[in-house]
Amino acid sequence: MFDKVLIANRGEIALRVLRTCQEMGLATVAVYSEADAGAPHVQEADQAVLLGPAEPAASYLNVAAIIAAAQASGAQAIHPGYGFLAENPALPEACAQAGLVFIGPPAAVIRTLGSKTAARRLMQTAGVPVIPGMLAPCMDAAQLAREAEALGYPVLLKARGGGGGKGMRVVESPAELAEASQTCASEAAKAFGDPALYLEKCLPSPRHVEFQILADGQGHAVHLCERECSIQRRHQKIIEETPCPALTTELRARMGAAAVAAAQAAGYVNAGTVEFLLDAEGKFYFLEVNTRLQVEHPVTEMTTGLDLVRLQLMIAAGQPLPFAQDDISPRGHAIECRIYAEDPGKSFLPSPGLISLWQAPAGPGLRLDSGVREGSAVPMEYDPILAKLVAWAPDREQARQRMLRALRGFAVLGVQTIIPFLVDVLAHPEFAAGRTNTDFIARHLAGWQPSLEQADLARLAYAAAELAMPAAAPVAASGPAGWPSPWQSLGAWRM
Amino acid sequence: MFDKVLIANRGEIALRVLRTCQEMGLATVAVYSEADAGAPHVQEADQAVLLGPAEPAASYLNVAAIIAAAQASGAQAIHPGYGFLAENPALPEACAQAGLVFIGPPAAVIRTLGSKTAARRLMQTAGVPVIPGMLAPCMDAAQLAREAEALGYPVLLKARGGGGGKGMRVVESPAELAEASQTCASEAAKAFGDPALYLEKCLPSPRHVEFQILADGQGHAVHLCERECSIQRRHQKIIEETPCPALTTELRARMGAAAVAAAQAAGYVNAGTVEFLLDAEGKFYFLEVNTRLQVEHPVTEMTTGLDLVRLQLMIAAGQPLPFAQDDISPRGHAIECRIYAEDPGKSFLPSPGLISLWQAPAGPGLRLDSGVREGSAVPMEYDPILAKLVAWAPDREQARQRMLRALRGFAVLGVQTIIPFLVDVLAHPEFAAGRTNTDFIARHLAGWQPSLEQADLARLAYAAAELAMPAAAPVAASGPAGWPSPWQSLGAWRM
Amino acid sequence: MIKYHLRIGEESKEVALDPATGRAGLDGQEHELSWQQTGPGRLLLNLDGRQVRAFLAPAAGGRQVFIEGRSYLVQDEQKLPRRGRGGAGEAAGVVTPPTPAVVVRILVQEGQAVDQGQGLVVVSAMKMETTLCAPYAGIVSKINTSLEAKVAPGEVLVEIVEAEQ
Amino acid sequence: MIKYHLRIGEESKEVALDPATGRAGLDGQEHELSWQQTGPGRLLLNLDGRQVRAFLAPAAGGRQVFIEGRSYLVQDEQKLPRRGRGGAGEAAGVVTPPTPAVVVRILVQEGQAVDQGQGLVVVSAMKMETTLCAPYAGIVSKINTSLEAKVAPGEVLVEIVEAEQ
């Protein structure tokens, strides 16, 4: 087995992968951009290699620089994390040429499933139900308009190269189609290097339910049950949980079998996720396959007790799956909240800056996968995810209460976060009842503004702070007092 | 059910109980001594009541002050944690008189089992095997000498009121008996208010294996399997794990049944622990019953998925156990390390002081129950436990590797901790092989001194620090720079 | 008694606090307030016997305050310049990015007539694109930015001469 | 080149460090050393390409250094007073508690003859009792403490005039 792994990512996922490597006795190599010098994921590794300037194209998306970093550091394997190059076949191809192990599926599988339209064709052939819509992409405005008319509005405009909610728009009427296409194509080109779009029927109020799959190089594939990921803003998940409150044992078995069939149809190897939409009648439709570790994989780890990164590394090293489908028995309930640096009162605008205060919750049943700490910079160049907070408990209601307690004690200052919004989702009676659909936020929390519940207390706290910690003293605008912020220590390396 | 709970303890266990109360929607009242003003367990509660000066007798052992605090704050129930009054029947008796719910077993049960000699008589009657030795205490030196002679040296001198390793000594020869008796009696009088001693045969190299039990007020009792707690210094546990590597399914069932029988013989209600010694031939002997939540309860929570404090509260509120014995199915392996403020290179001398740096490990499968944070004071008046680090994994070896990774990244400065010692225990081939007995430390790590493995790196770090952070700058002797330590802010309350 | 006029969102309230006694007044109610600094930016309040954990950091024109899952910008009216109330970047009628961002498309030209709400510039931050729109109808008088430019809140990217109504 | 003579336990070694180039010498080996402060008391070292996380705090006569699960007291020989080497409370021949503690029993009287290793005073800290013993045989000349007294390392609790051998 390889004994040194380069982690081609940043933030919480780089740290999460690193920890499993350390536990397996594997040496670790971090890579970083100029904006991330001194970031926690850099500090914790055995070696660290600078890739280039902050812009992703020059650093975390720079295949040549990453391969060079692996060769210079002596790493024999590369873990891509999620995002960046995780679903770009160019990285596994370059790995193969350089004699490095890519920890993920083969390039050809990524390429096929990365084309969402090719994946739809493949699944239809394999007998997995797909959402009504186009099976090939189209760049012609007039044809898109005809296809949309045939499907019936509202339709969903999607990027062939898409994933993670990027380059995707709901189009309610013919009038919006042209502008939406242009924006989507631009986002898609930027995010995936591929502006091609296609259309799907927009299902009314579905649930997003996905299945974790694992497949080894010996032809064995299993699923690790589902994740319910319907709570989304901008088509991106912010809360995920398992099990899904809507699944019966019978439906879970049918969807799980479809997920395994989808994996096998694609010749899948390593960890992946088969996403479905589930309608109110219990009918499910193939959405896409994510050919990587998902952001939300911890909820599956909490209920199954498995370490998905360890399994990824084992599979990449050619080892067979150490269990069969019948050995998988999830326990309890897990909920994940993504802690994004965004302002939920301003349409979830990203909020880069410096984390001047970071007081994370702790306690039994909680797991925090964090990429930052007090004093960390949140650069504007990357995804605004700071951390993922996961609560496990024997049942959903206890997990919900545990998450609420944790969120209410999770103080982050210096940037805006969605924590106050997450509190209101978790506390909402419809969420408590398990009635979560992809239009949950639009339906229940549209135009959300911060509750003024604690406003009077905040005023009293302000008045006390004017006496206890005058503005000139301890907490300065540039970061915690008494020691340099990362901004100040950039370039502080001695040679 | 009561809706406000007073937690009559401090440090990590007070915080751990508090978190479950919060998750159950119960209001919380902290109590504290003058040495603990501003301590984390005080900060997190809804209300906080000062009990008195630092000395335990004036504060955490002061029954009248605790009852008064409950009445003043409107708490209807008291959780005692472990240590202090947890096994003192005076507290439940005072609760009963004041109309408060005591979260623990009835006073009479505590009284019977608290007398270790009475408990031995009870268990012998109930058919549970006990260690050969005295069934009644003795304060007469000559009689003790005769009993010791009859049992054959080495013998174990124990306090009738004992527990937690206090007031206990191995006596190797008749010459040592008199001085050992005096020291033990003094410690016992101080710790338990009862100097009475008795003798047990000293078994050669046993394992300490205990069973968690739960009994409701309706007569149902179950066990939650075992904890292996053989790694001890000064007869006090420092590492605990579950499952015990030495138990077969058959032996586990027999010992579990004996534990339940012991509980039922005593009329037990609430959570408790039946401790056994297990010899190399698989014979087990009753040691004692701990009539409280154990320090090491988290390993049981990690493998069973149950919240023992929640169950304690439910049972105290009169609710029946929500499951039967067959519903208990532990998963994976959990190891706990106690993070004591002691100097392992100087016979585990306590090391009170100020925690100037606290960098706790994080990651999947880790749980940290901590009572301190950076800047916390560690008073000389109380047990030197700072925190408990628990690692869970699907199997023992993975849990051991996870714990090692976590300990190596657990930086605590300002006080000495046993972390370097714990690393050497976890890394020892005999520990890795599961060969843990109560004489493990004496046999394998006697006279332990810190490894010099990282000494050259430490010298280079010192040299770099002389340039990067001169002594006058950020890290001052009095604590972290830039904000007042708890010492400085004592008395900073504004009225 | 020290008096503060403290704004959160649109609402200002007077808070009176006696530093000597901890007596506090708000909304015509009297309170007993005491406090203890427990770390940098961390205050433990005791309000009429109830403990509250407050976390504070300097922020635009005031302090950001986090209490029990809620986060507010609290501003002292006396310290606010008249124009800046409500925080940076919110001054009506100014085309400025809401966060540090990069300009990815410019949709108008100087001299062009625009309707209220019409898209002017598209900026990108953390992979999300945002369209900055015309706050009122008028004529684009000046474009102060260019493609790929890094821009920050407060920078006026497009100037518009308001159309007469 | 700055030279340090750094003691850990019984062993002193010379460390040479050139602040301008990061070139470091130890045990006759040359190293490339660079460093970055990542927080209060936290240093990220890069030693010949390998990253090492070091944690440091002031301690008796030097710094306490934590690296990878190991903790050391590192002392600069040049800064140590001659008597104090090896840390406080370890000076041979002095009867002083190893930690802050309370005196629970006094086992000898002034004028009494004691053997080497004989118990003199029992102190208690964190519920654990420790017996302070005579470092050499002699006559107890002075008892500087009393029952229930709070005592600290460095305080000489019992003075002994050494017996002639």
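Every value quoted in this text rests on a predicted model; they were computed, and no experiment measured them.

Quick word on helix α11 (residues 308-316) of chain B
Residue pairs spaced three or four apart in an α-helix point in one direction, given the helix's 3.6 residues per turn.
All names here are of chain B.
Now for step 1: Counting buried positions along α11 gives eight out of nine residues, so the element sits mostly inside the fold.
Now for step 2: Looking only at α11, the buried set comprises L308, V309, R310, L311, Q312, L313, M314 and I315.
Now for step 3: At the N-terminal boundary of α11, the capping side chain belongs to D307, with an oxygen 3.0 Å from the backbone nitrogen of V309.
Now for step 4: G318 sits one or two residues past α11 and shows a positive phi near 90°.

Re the sheet that holds strand β15 (residues 158-162) of chain D
Residue and element names in this part refer to chain D.
Now for step 1: Read from one edge of the open sheet, three strands run β10-β13-β15, paired in antiparallel fashion. Sheet topology places β10 (113-114) and β15 at the edges, where each strand pairs with a single neighbour.
Now for step 2: Here β10 runs beside strand β13 (residues 138-143); their pairing, made up of two bridges, is antiparallel. Residue pairing across strands places A113 opposite I139, the latter belonging to β13.

Overview of unusual backbone geometry
Residue and element names in this part refer to chain B.
Now for step 1: P154 follows Y153 through a cis peptide bond whose omega is -5°.
Now for step 2: As for its placement among the helices and strands, P154 is situated in the loop between α7 (141-151) and β6 (155-159).
Now for step 3: Cis peptide bonds are those with omega within 30 degrees of zero, and the linkage from T242 to P243 qualifies with -5°.
Now for step 4: By the element assignment, P243 lies in the loop between β11 (236-242) and α9 (249-265).

Here we look at the pattern of salt bridges
Now for step 1: Scanning the model with the defined rule gives 93 salt bridges over all chains in all.
Now for step 2: Among the ionic pairs, E296(A) bridges to R338(A), the shortest N-O distance being 2.9 Å. Here E296(A), found in the loop between β13 (284-290) and α10 (297-304), pairs with R338(A), found in strand β14 (residues 333-340); they are 42 residues apart in sequence, far enough to count as distant.
Now for step 3: The exposure class of E296(A) is buried, given its relative accessible area of 1%.
Now for step 4: For R338(A), a relative accessible area of 6% translates into the label buried.
Now for step 5: Residues E342(B) and R234(B) are paired through a salt bridge, measuring 2.9 Å at the closest nitrogen-oxygen approach. Of the two residues, E342(B) is situated in strand β15 (residues 342-343) and R234(B) in the loop between β10 (221-233) and β11; the sequence distance between them amounts to 108 residues.

A look at the packing of helix α5 (residues 107-114) of chain B against helix α6 (residues 116-125) of chain B
All names here are of chain B.
Now for step 1: Closest axis-to-axis distance for the α5/α6 pair is 5 Å, and the angle between their directions is 95°. Looking at the two axes, α5 sits roughly perpendicular to α6. Of the residues in α6, those in contact with T112, L113 and G114 of α5 are K116, A118, A119, L122 and M123.
Now for step 2: In terms of residue class, the contact of α5 with α6 is made up of five nonpolar, two polar and one charged.

Considerations on the side chain of S124(C)
Now for step 1: Within the secondary structure, S124(C) is located in strand β11 (residues 119-125).
Now for step 2: Classification of S124(C) as buried rests on a relative accessible area of 6%.
Now for step 3: A polar atom in the side chain of S124(C) sits 2.9 Å from the side chain of K190(A).
Now for step 4: For S124(C), the residues in contact, after removing those within four places along its chain, are K190(A), M380(A), A101(C), V102(C), V104(C) and E129(C).

Some words on the interface of chain A and chain C
Interface size, as often reported, equals the accessible area lost upon joining of the parts.
Now for step 1: The interface of chain A with chain C comprises 66 residues on the first partner and 60 residues on the second.
Now for step 2: A buried area of about 5500 Å², summed over both sides, lies between chain A and chain C, and 65% of it is on carbon and sulfur atoms.
Now for step 3: The shortest N-O distance in the salt bridge between E381(A) and K150(C) comes to 3.5 Å.
Now for step 4: On inspection of chain A and its partner chain C, the count reaches 17 residue pairs in polar contact (both at pLDDT 80 or more).
Now for step 5: Secondary-structure elements contributing two or more residues to the side of chain A that touches chain C are α8 (174-192), β16 (349-350), β18 (357-359), α12 (396-408), β22 (411-413), α13 (419-427) and α16 (455-468) of chain A.
Now for step 6: The biggest single contributor to the side of chain A that touches chain C is α16(A), with 14 residues.

Here's the deal with the pairing of strand β8 (residues 197-201) of chain B
All names here are of chain B.
Now for step 1: Most of β8 is tucked away: four of the five residues are buried.
Now for step 2: In this structure, β6 lies alongside β8, joined through five bridges in antiparallel fashion. Counterpart to V155 in the pairing with β8 is K201.

Cut-offs and rules
- Residues numbered from 1 in each chain as written.
- Chains lettered and ligands numbered in written order.
- Predicted model: local features only at pLDDT ≥ 70, side-chain atom pairs only at ≥ 80, totals over all residues.
- Heavy atoms only, no water.
- Buried < 20%, exposed > 50% of the residue type's maximum accessible area, 1.4 Å probe, protein only.
- Helix = DSSP H or I, 4+ residues; strand = E, 2+ residues; numbered from the N terminus.
- Polar contact = N/O pair within 3.5 Å; in protein donor to acceptor, adjacent residues only side chain to side chain.
- Pairing = 2+ DSSP bridges.
- Salt bridge = Lys/Arg side-chain N within 4 Å of Asp/Glu carboxyl O.
- Axes fitted to C-alpha atoms, helices over the stretch in contact; angles between N-to-C directions.
- Parallel < 35°, antiparallel > 145°, perpendicular 65-115°, else oblique.
- Contact = heavy atoms within 4.5 Å.
- Nonpolar A, V, L, I, M, F, W, Y, C, P; charged D, E, K, R; others polar.
- Buried area = accessible area lost by both parts, 1.4 Å probe.

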